[in-house]
Amino acid sequence: MAENPIKIPEFKAEWKEGEAGRWGMVIDSDLCTGCQACVAACAMENNIPFVGEDDAAYGRSMHWIRVERFWEGEYPEVKTTDFQPVLCQQCGAAPCEPVCPVFASVHSQAEKINLQVYNRCVGTRYCANNCPYQVRVFNWRDWERPEPLTNQLNPDVTVRRRGVMEKCTFCIQRIHKAEDQAKSEGREVIDGEVIPACAQACPAEAIVFGRLDDPQSRVSQLAKSRHGVQLLEELGTQPRITYLKGA
Amino acid sequence: MTIQAQPISHTHEGHHPNPREYLMLDPKPRGEMNAMVMDAMHATSWRFWVVAAFLGLVVLVCLFGAWGYMIMEGLGVAGVNRPSYWGIFLVNTVFWIGISHAGTFVSALLRVFKAEFRRPFTRAAELMTTFGLVQAGMSIFMHMGRVWLSYWMFPFPNQRQLWTNFHSPLMWDFLAINTYLLASTMYLFLPLIPDLAMARDRSTGWRKIFYRILALGFRGTEGEWTHLRHALGIFAFAILPVMFSVHTIVSWDFAVAMRPGWNSTIFGPYFVVGALHSGIAAVAMVLIVVRATMKNMKYFIRPEHFNALGKLMLIVSMAWAYFFFNDYMVQWYGGDKWTDALLHFHEAGPLGWMWFGMLICNVAIPWLTLWNKKVRTTPGLLFTIGLLINLGMWFERYIIVPISLTINRMPFTWREYVPGVEIPLGIGTLAFFILLYMIASKLIPLVPVWEVQEGQLAHSLRKFGKETVVTVSDLE
């Protein structure tokens, strides 16, 4: 962000996020083929329920990541824009956090991630209204898991019940696993050691994940690219995800 | 003690109106009036029981039945979705808080300004506040995903070692509504004490026990009256800022959010005026029903009251139009692309008829009709206008909540909201409100008898030459 030319004294005591431990992501829209593998992988990894056709059509699908695609013009003169996978932007100044009356939507000090504490959530859904990216999903029902799929549940991730809000966690269980592994081996986490499910599944390798506080990491290098844009940057939410466009 | 004298206003035809048209100038002996109010409480026709039984059934099925079903199934049975995470539940919350506002407004503000015509209907209005807030509170609880954990909103020491988040507008809202409910209940109860004592002295059986407990041993000594007047004076002044703050805070739930169409600085006063708009219309509607259905009420509630309330409705309608225009104008002129999309969606979207309906009901109809005294004093017409105003204000809240939520900054998620189980639940709250009101009308004196008697004592007619003059002495 450019230096403010007029020196205005800060009158709003804002909570400032520290640099250390910031995880971030870069998504290359030019590489994305819109195959939805990230969506499927995320659902498998994070125990996301299948809501069925009717609810999905009514805007209740629970996916933490969605691939947006837009059309321009009328058929047959249709021009499609790039695919845009949208997930929680893990804002540095997240609008979802202050509005929760019960501290269910909180900022993790260690990973610099917006966390949703399912057990605290009472379901007021204010966080979802205040999220400019519309990436929060709500458990509108207790959806049934058809029989063999119950064996697929990931034991590292909580299964949520009806009435709570949830959203992308940057696969925090994988971050923790890698950190524990590194700690037991007496070393730092290596760049590329933590790969969230969406990045792991992406056949085009359009999603890169890593630490933004490490200037040598691949994700930091890519995020500095001049093709990088952030969604709704003008709102000042300080997203942790950079999209590369038109390289 | 001060005495004011004022001539009775002349009509344009030049003849004097009959002073007996005014309740304050048409006194009855105390005993007779007490008996009239007691009679109104006791006289219960079979129609009352039929209506009460029907409403009870509606409450059982539509409110508790549907709510239980929703709790078991999850909010999926309602129409809320992404992006309309808030739906009719919050529309109804804002609507009921609005209804509850006018009760206090009519009662406290008119008491503070010593408007004498308020005397017979302050209680009817205050009851609306309390019962309206009950519906508003229930609508919020319905809206919550895990209502069984709603007590986590209370700041209390707990084993989870968690305090509540006072940064959240919902927390402000929760505290404001609770404060208002407590304060308005006390404000309802205080002036009720002398009437409960009156009822205690005139009843037998279980009613005697009921009134004896509630009357707190009031005997009517001079000291008790002095304390009561003092307390009422404090409460009437103190509750007004509470009332303004509550609806302002409700509006902040929307106004502080990062959303096109919501993020508006004028929402506070706009919501307060909107609340008064629907609320005063509702007071008039309730009075019309009470007058038509309850015994002896034609003496207490008169065309002069409808006339005064009709004028109030017209003025508030003008104030609402001003705030609406101000809000709309600034948002439209700003030219933000999402706000533009939203305003276009309001007017030309699939529910555009609701936007126009809101303007017709809230502005056009009151402005075209309420300037006329004949319209204001005809109960049937005033009731219809009040109903339309309430419909218009409900539309307004519907436009602000689910319709505005449809449009956000991520067009990929735009999706229409179709209400589901919200509709029976909304009907249930309406039935519950009416049922509570009906039960209350049989349990407590709906007319503050002592206030009417006090007013009648303070008023007298005198002749100065050929001019009949009303003198009002200030009892405090």
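Okay, so let's go over this structure.

Concerning the overall build of chain A
A tally of helices and strands in chain A yields six helices and 12 strands. Here chain A has a C-alpha radius of gyration of 19 Å; the compact-globule value for 247 residues is 18 Å, and the two agree. Each principal axis of the C-alpha atoms in chain A carries an extent, and together these give about 60 × 55 × 40 Å. Buried positions account for 39% of the 247 residues belonging to chain A.

Re the overall build of chain B
For chain B, the helix and strand inventory stands at 17 helices and three strands. Radius of gyration (C-alpha) of chain B: 24 Å, near the 23 Å computed for a compact globule of 476 residues. Expressed along its principal axes, the backbone C-alpha trace of chain B runs to roughly 75 × 55 × 45 Å. Counting the 476 residues in chain B, one finds 43% classified as buried.

Some thoughts on unusual backbone geometry
Pro76 of chain A follows Tyr75 of chain A through a cis peptide bond whose omega is 5 degrees. The step from Arg82 of chain B to Pro83 of chain B runs through a cis peptide bond, and the omega angle for that step is 10 degrees. For Phe170 of chain A, which is not a glycine, the phi torsion comes out positive at approximately 60 degrees. Examined against the element boundaries, Phe170 of chain A turns out to sit in the loop between strand 9 (165-166) and helix 4 (172-184). With a phi angle near 50 degrees, Cys171 of chain A is a residue other than glycine that sits in the positive phi range. Inspection of the secondary structure assignment puts Cys171 of chain A in the loop between strand 9 and helix 4.

Here's the deal with the nonpolar core
The biggest cluster of nonpolar side chains holds 180 residues, and the ones touching the most others in it are Ile207 of chain A together with Ala102, Ile280, Val283, Ala284 and Met313 of chain B. A per-element tally of this core places helix 9 (residues 267-293) of chain B first, with 16 residues. Setting aside anything within four residues of it in sequence, one finds Ile207 of chain A in contact with Met25, Ile27, Cys38, Cys198, Ala199 and Cys202 of chain A.

Re helix 4 (residues 122-143) of chain B
Taking 1.5 Å as the rise per residue, helix 4 of chain B with 22 residues should run 32 Å; its terminal C-alpha atoms sit 32 Å apart, in good agreement. In terms of burial, helix 4 of chain B is a largely internal element, 19 of the 22 residues being buried.

Digging into helix 11 (residues 303-334) of chain B
Residues and elements named next belong to chain B. Helix length check: helix 11, at 32 residues, gives a terminal C-alpha distance of 46 Å against a target of 46 Å (1.5 Å per residue), a fit within 8%. Those residues of helix 11 that sit buried are His305, Phe306, Leu309, Gly310, Leu312, Met313, Val316, Ser317 and Trp320. Positive phi appears at Gly335, one or two residues downstream of helix 11, with a value of about 75 degrees.

A closer look at the interface of chain A and chain B
Tallying the contact residues gives 36 residues for chain A and 35 residues for chain B. Mapped onto the side of chain A that touches chain B, the elements with two or more residues apiece are helix 3 (126-130) and strand 8 (137-138) of chain A. The residue inventory of the side of chain A that touches chain B, partitioned by class, reads 20 nonpolar, eight polar and eight charged.

Observations regarding the environment of Ala102 of chain B
All names here are of chain B. With respect to the secondary-structure elements, Ala102 resides in helix 3 (residues 88-112). Owing to 30 C-beta atoms within 10 Å, Ala102 belongs among the buried residues under this scheme. C-alpha separation for the pair Ala102 and Ile280, spaced 178 residues apart in sequence, amounts to 5.2 Å. Among all residues touching Ala102, those that are not within four sequence positions of it are Ala125, Leu276, Gly279, Ile280, Ala282 and Val283.

Some thoughts on the packing of helix 8 (residues 222-255) of chain B against helix 9 of chain B
Residues and elements named next belong to chain B. For the pair helix 8 and helix 9, the least separation of the axes is 8 Å and the interaxial angle reads 125 degrees. Relative to helix 9, helix 8 is oriented oblique. Here helix 8 runs over helix 9; the crossing is right-handed. Counted together, Phe244, His247, Thr248, Val250, Ser251, Phe254 and Ala255 of helix 8 and Phe267, Gly268, Tyr270, Phe271, Val272 and Ala275 of helix 9 form the full contact between these two elements.

Remarks on the sheet that holds strand 10 (residues 207-211) of chain A
Residue and element names in this part refer to chain A. Reading across from one edge, 10-1-12-11 is the order of the four strands in this open sheet, with mixed pairing throughout. Of all the strands in the sheet, the pair left with one neighbour each is strand 10 and strand 11 (228-229). As paired strands, strand 1 (residues 23-28) and strand 10 are joined by five bridges and run antiparallel to one another. Note that in strand 10 the partner of Met25 across the bridge is Phe209.

Considerations on the pairing of strand 3 (residues 467-474) of chain B
Residues and elements named next belong to chain B. For strand 2 (residues 459-464) and strand 3, the ladder comprises six bridges, and the chain directions are antiparallel. Across the sheet, the residue bridging to Arg462 is Val469, located in strand 3. Connecting strand 2 to the antiparallel partner strand 3 that follows it, the hairpin turn spans two residues, and Gly465 within it adopts a positive phi of roughly 65 degrees.

Some remarks on the environment of Val375 of chain B
Residue and element names in this part refer to chain B. Relative to the helices and strands, Val375 is located in helix 14 (residues 373-377). The exposure class of Val375 is partly exposed, given the 17 C-beta atoms found within 10 Å. Here Val375 is in contact with Thr369, Leu370 and Leu381, once residues within four sequence places are set aside.

Quick notes on the packing of helix 3 of chain B against helix 8 of chain B
Residues and elements named next belong to chain B. Two numbers describe how helix 3 lies on helix 8: the axes approach to 9 Å, and their chain directions differ by 155 degrees. On the basis of the axis angle, helix 3 is roughly antiparallel to helix 8. The crossing of helix 3 and helix 8 is left-handed. The segment helix 3 lies against helix 8, with Val94, Ile97, His101, Thr104, Phe105, Ala108, Leu109, Arg111 and Val112 engaging Ala236, Phe237, Ile239, Leu240, Met243, Val246, His247 and Val250. The class makeup of the residues in the contact of helix 3 with helix 8 is 13 nonpolar, three polar and one charged.

Quick word on the environment of Asp28 of chain A
Residues and elements named next belong to chain A. Within the secondary structure, Asp28 sits in strand 1. Given 22 C-beta atoms within a 10 Å radius, Asp28 is considered buried. Along the sequence, Asp28 and Tyr118 sit 90 residues apart, while their C-alpha atoms lie 31 Å from each other.

Calculation criteria
Residues numbered from 1 in each chain as written. Chains lettered and ligands numbered in written order. Predicted model: local features only at pLDDT ≥ 70, side-chain atom pairs only at ≥ 80, totals over all residues. Helix = DSSP H or I, 4+ residues; strand = E, 2+ residues; numbered from the N terminus. Rg over C-alpha atoms; globule rule 2.2 N^0.38 Å. Buried ≥ 20, exposed ≤ 12 C-beta atoms within 10 Å, placed from the backbone. Core = buried A, V, L, I, M, F, W, Y, C linked by C-beta atoms within 7 Å. Contact = placed C-beta atoms within 7 Å. Expected span 1.5 Å × (residues − 1). Nonpolar A, V, L, I, M, F, W, Y, C, P; charged D, E, K, R; others polar. Axes fitted to C-alpha atoms, helices over the stretch in contact; angles between N-to-C directions. Parallel < 35°, antiparallel > 145°, perpendicular 65-115°, else oblique. Left-handed = near helix turned anticlockwise from the far one by under 90°. Pairing = 2+ DSSP bridges.

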